[in-house]
Amino acid sequence: MPYYTIALLLLGIAILGVAWLPSLLEKYPLSYPIVYIVLGLGVCSLPLGLPPADPQAHPVFVTHLSELCVIVALTGTGLKIDRPFSFRTWRSPLLLVLVLMVLTIAGLALAGHWLLGLAPASALLLAAALAPTDPVLAGDVQVGDPGEGREDNVRFALTGEAGLNDGLAFPFVYLALALLPAAAPLSGRLLHWLWMDVGYRIGMGVLLGWLSGVVLAYLIFNLPKRVSIKTEGYGFVALSVTLTSYAVTELLHGYGFLAVFIAAITLRSRERRHEYHRLMHAFTDQMERLFIVVILLLLGAAIADGLLRALTWPGAALGVLLVLVLRPLGGMLTLMRSSRVNLAERAVISFFGIRGIGSVFYVAYALGEADFPQAREIWAVLAFTMLLSITLHGVLATPVMNWLDRRHGRQTAAELAETPAE
């Protein structure tokens, strides 16, 4: 079979769906990621003789594809947040990242060890991969486009959390690597992890992300008009923000995910009403959707090829525990004393901890760096939890956010889309 031609046909149909499905499904309790997983599963189930889609057989490809998707999504996430950064105004997302995510990792690692019998390193890797929420698949519960004004407490908290935690979960992935048997004493490995993987890498991510944003803002706003960037080039600026901030930070051994988000936030803080924010975000949004299509089709194909074969009942219970117990309960407790968020908002924020592409990257990256015990079971639990999250949160996102908007006396997204422009 001409695999390349079949892939082009499938990709063309899928990309057309990306342009069409969001508006079609806007009023319905269904998200387009569900459609693409089913499509990938269905196509791979046909007798076409397609090669197997096993993430363990292609670790480098899976790592870099998911990596590109996440960094593009992080740029778009940072560019669409209107609220200026301060520790007071960003208190909710910071609590979700610095308190809830750490507690979730601890609880999930313990559950993975005692419930599934995973080795400590494998249990921690799975927990570190699943604990952060996803900036890629959470568009239905995030803030709107730059300057759109749809930035209530719930959408802002979930957007800020998704932007920050993909970088701040990385130390725990490195901790899982440090726990693997090695010639060096464990105490030395833990000390190296503390100063290098926690202190240095986070510090460099923050510093280089800020510097990247400052430099790129200067190139956009402060150059003489005769050498300034033209409007049609703003999309390429967005791509430059993504790639340069990530690559420079990674070359200097910082956390590139963190740097990309901070660079976008820093860039967004300059000339907030300038049209380039909207144009740059539109470009990153289109790129992000293209990557989503490919990854979700491959996820569906991998499931058809037996990715869930290693899933056990305790493994499925672990995914349910995370989505329905650990995240909601932990979120309610973490935000309990937040005066800015009322009970209904706290419940919605706590429930919508969507898992997705970032989790794929962390597992693929770690398994490419070292051999973890029970790798097949890690992939199976990860895939099941993603399916559960994408399905449950995808079905409930539209009705819940519409309920919240009406409760606050705001128009829903569908009503806004139908309102004629003045």
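Values in this document were obtained by computation on a predicted structure and should not be read as measured data. (Residues numbered from 1 in each chain as written. Predicted model: local features only at pLDDT ≥ 70, side-chain atom pairs only at ≥ 80, totals over all residues. Heavy atoms only, no water.)

Caption draft 1: Looking closely at the overall build of the chain. Within the chain, the secondary structure is distributed over 16 helices and 0 strands. By the compact-globule yardstick of 22 Å for 422 residues, the chain fits well, its C-alpha radius of gyration being 21 Å. By principal-axis analysis of the C-alpha atoms, the chain measures approximately 60 × 55 × 45 Å. Within the span of the chain, comprising 422 residues, buried residues form 54% of the whole. Counting only contacts in the chain whose residues sit at least 6 apart along the sequence, the fraction spanning at least 24 positions is 82%. For the chain, the accessible area works out to roughly 18600 Å², and carbon and sulfur atoms hold 68% of it. (Helix = DSSP H or I, 4+ residues; strand = E, 2+ residues; numbered from the N terminus. Rg over C-alpha atoms; globule rule 2.2 N^0.38 Å. Buried < 20%, exposed > 50% of the residue type's maximum accessible area, 1.4 Å probe, protein only. Contact = heavy atoms within 4.5 Å. Areas by Shrake-Rupley, 256 points an atom, 1.4 Å probe, with all protein chains shown as cover.)

Caption draft 2: Representation of the environment of L95 in the model. Within the fold, L95 resides in helix α4 (residues 91–116). Overall, the relative accessible area of 18% leaves L95 in the buried class. With 299 residues separating them in the primary sequence, L95 and G394 have C-alpha atoms 24 Å apart. Leaving out residues up to four positions away in the same chain, L95 has contacts with L100, T334 and L335.

Caption draft 3: Structural detail: the pattern of salt bridges. Under the criterion given, the structure shown has 7 salt bridges. Between D54 and R376 there is a salt bridge, and its shortest N-O distance comes to 2.9 Å. Linking D54 in the loop between α2 (32–45) and α3 (59–79) with R376 in helix α15 (residues 375–407), this pair joins segments that are 322 residues apart in sequence. (Salt bridge = Lys/Arg side-chain N within 4 Å of Asp/Glu carboxyl O.)

Caption draft 4: Region of the structure containing the environment of F372. Mapped onto the elements, F372 comes out in the loop between α14 (357–369) and α15. Looking at F372, the relative accessible area reads 7%, which means it is buried. Along the sequence, F372 and A123 sit 249 residues apart, while their C-alpha atoms lie 9.8 Å from each other. Those residues in contact with F372 that sit more than four places away from it in its chain are A121, S122, L125, A176, L177, L180, A366 and L367.

Caption draft 5: Highlighting the packing of helix α1 (residues 3–24) against α2. Closest axis-to-axis distance for the α1/α2 pair is 11 Å, and the angle between their directions is 160 degrees. By the criterion of interaxial angle, the relationship of α1 to α2 is roughly antiparallel. Seen from above, α1 lies across α2 with right-handed handedness. Across the interface between the two elements, L10, A14, G17, V18, L21 and P22 of α1 pack against Y32, V35, Y36, L39 and V43 of α2. (Axes fitted to C-alpha atoms, helices over the stretch in contact; angles between N-to-C directions. Parallel < 35°, antiparallel > 145°, perpendicular 65-115°, else oblique. Left-handed = near helix turned anticlockwise from the far one by under 90°.)

Caption draft 6: Spotlight on α2. Compared with an ideal rise of 1.5 Å per residue, which puts 14 residues at 20 Å, α2 spans 20 Å between its outermost C-alpha atoms and is within 8% of the ideal. Taken together, the buried positions of α2 are Y32, P33, I34, Y36, I37, G40, V43 and C44. (Expected span 1.5 Å × (residues − 1).)

Caption draft 7: View of the nonpolar core. Counting 111 residues, the largest nonpolar core has Y36, F372 and W379 as its most contacted members. If you look at the next biggest cluster of nonpolar residues, it comprises 13 residues, including L79, A217, I220 and V241. (Core = buried A, V, L, I, M, F, W, Y, C linked by side-chain atoms within 4.5 Å.)

Caption draft 8: Representation of a nonpolar patch on the surface in the model. The grouping of L191, W195, Y200, V248, L251 and L252 at the surface amounts to a nonpolar patch, some 620 Å² of accessible area in total. Contributions of two or more residues to the nonpolar patch are made by α8 (186–221) and α9 (234–251). Considering each element in turn, the nonpolar patch owes the most residues, 3 residues, to α8. Structurally, the position occupied by L252 is in the loop between α9 and α10 (256–268). Assessed through its relative accessible area of 38%, L252 is described here as partly exposed. (Patch = residues over 30% accessible without salt bridge, like charges linked within 9 Å, V, L, I, M, F, W, Y side chains within 5 Å.)

What is shown is where atoms sit, not what they do.
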